[in-house]
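In case you want the letters, here they are:
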Amino acid sequence: MSTFYDAVGIVGILVQILGLLLFGVTTGWFTLYVINQPEKNWQLLGIVYSVFLIFSAFMVKYLTPGAFGTFLAGAAGALIYWGLIKTRNKPEKKK
């Protein structure tokens, strides 16, 4: 019975890591979506930034370092992809 609990524990850790990676990508995208809106609402920007920082602080306190690193990798990947690569102006092709 001990091996069953070990297997379920490993599956639980993998699901936690994949969930935090997806949540990191989602929060990174949502943060950029709010920042890049044409109507700049400073109240909404402040709330989104504050909640992101407070949530990250709680994650530092209560999660394992590997799980928190996975969240940060997802958030950083989203910020790099949608913040830098997707919005970069592509050079026009000469005909």
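Up top you'll find the structure we're talking about.
Residues numbered from 1 in each chain as written. Predicted model: local features only at pLDDT ≥ 70, side-chain atom pairs only at ≥ 80, totals over all residues. Heavy atoms only, no water.

Summing up its helical and strand segments, the protein chain has three helices and zero strands in all. Ordered by position from N to C terminus, the α and β elements of the protein chain give α-α-α. Taking 2.2 N^0.38 as the reference for a compact globule, 95 residues should give roughly 12 Å; the C-alpha atoms of the protein chain span a radius of gyration of 18 Å, well beyond that estimate. Seen through its principal axes, the protein chain has C-alpha atoms that stretch 65 × 45 × 15 Å. Within the protein chain, residue pairs in contact and separated by at least 24 positions form 65% of the contacts whose partners lie at least 6 positions apart. When the accessible area of the protein chain is evaluated, it comes to approximately 7700 Å², of which 72% is carbon and sulfur surface. (Helix = DSSP H or I, 4+ residues; strand = E, 2+ residues; numbered from the N terminus. Rg over C-alpha atoms; globule rule 2.2 N^0.38 Å. Contact = heavy atoms within 4.5 Å. Areas by Shrake-Rupley, 256 points an atom, 1.4 Å probe, with all protein chains shown as cover.)

What follows concerns a nonpolar patch on the surface. A surface patch of nonpolar side chains, about 480 Å² in accessible area, is lined by M1, F4, Y5 and V8. Note that Y5 resides in helix α1 (residues 2–35). Classification of Y5 by relative accessible area gives exposed; the value is 54%. (Patch = residues over 30% accessible without salt bridge, like charges linked within 9 Å, V, L, I, M, F, W, Y side chains within 5 Å. Salt bridge = Lys/Arg side-chain N within 4 Å of Asp/Glu carboxyl O. Buried < 20%, exposed > 50% of the residue type's maximum accessible area, 1.4 Å probe, protein only.)

So, on to the packing of α1 against helix α2 (residues 42–62). Here α1 crosses α2 at 160 degrees, and the two axes come no closer than 9 Å. Classified by the angle their axes make, α1 and α2 are roughly antiparallel. Crossing geometry of α1 relative to α2 is assigned as left-handed. Across the interface between the two elements, L20, F23, T27, F30, T31, V34 and I35 of α1 pack against L44, L45, V48, F52, F55 and M59 of α2. Residues belonging to the contact of α1 with α2 are distributed by class as follows: 11 nonpolar, two polar and no charged. (Axes fitted to C-alpha atoms, helices over the stretch in contact; angles between N-to-C directions. Parallel < 35°, antiparallel > 145°, perpendicular 65-115°, else oblique. Left-handed = near helix turned anticlockwise from the far one by under 90°. Nonpolar A, V, L, I, M, F, W, Y, C, P; charged D, E, K, R; others polar.)

Our next topic: the packing of aromatic side chains. Scanning the entire structure with this criterion turns up nine aromatic pairs. Seen from their ring centres, F55 and F71 are 6.0 Å apart, and the 70 degrees between their planes marks the pair as edge-to-face. Note that F55 is positioned in helix α2 and F71 in helix α3 (residues 65–85), a separation of 16 residues in sequence. Their ring planes at 20 degrees and their centres at 6.3 Å tell us that F58 and Y62 sit as a pair that is stacked. Of this pair, F58 and Y62 are both found in helix α2, four residues apart, which corresponds to roughly one turn of the helix. Since its relative accessible area comes to 62%, Y62 is described here as exposed. (Phe/Tyr/Trp six-rings, centres within 6.5 Å; stacked < 30°, edge-to-face > 60°.)

Let us now look at the packing of α1 against α3. Packing of α1 against α3 leaves a shortest axis separation of 7 Å and a crossing angle of 35 degrees. For the element pair α1 and α3, the recorded crossing hand is right-handed. Facing Q16, I17, L20, L21, F23, G24, V25, T27, G28, W29 and L32 of α1, the residues of α3 in contact are A67, T70, F71, G74, A75, A78, L79, W82 and G83.

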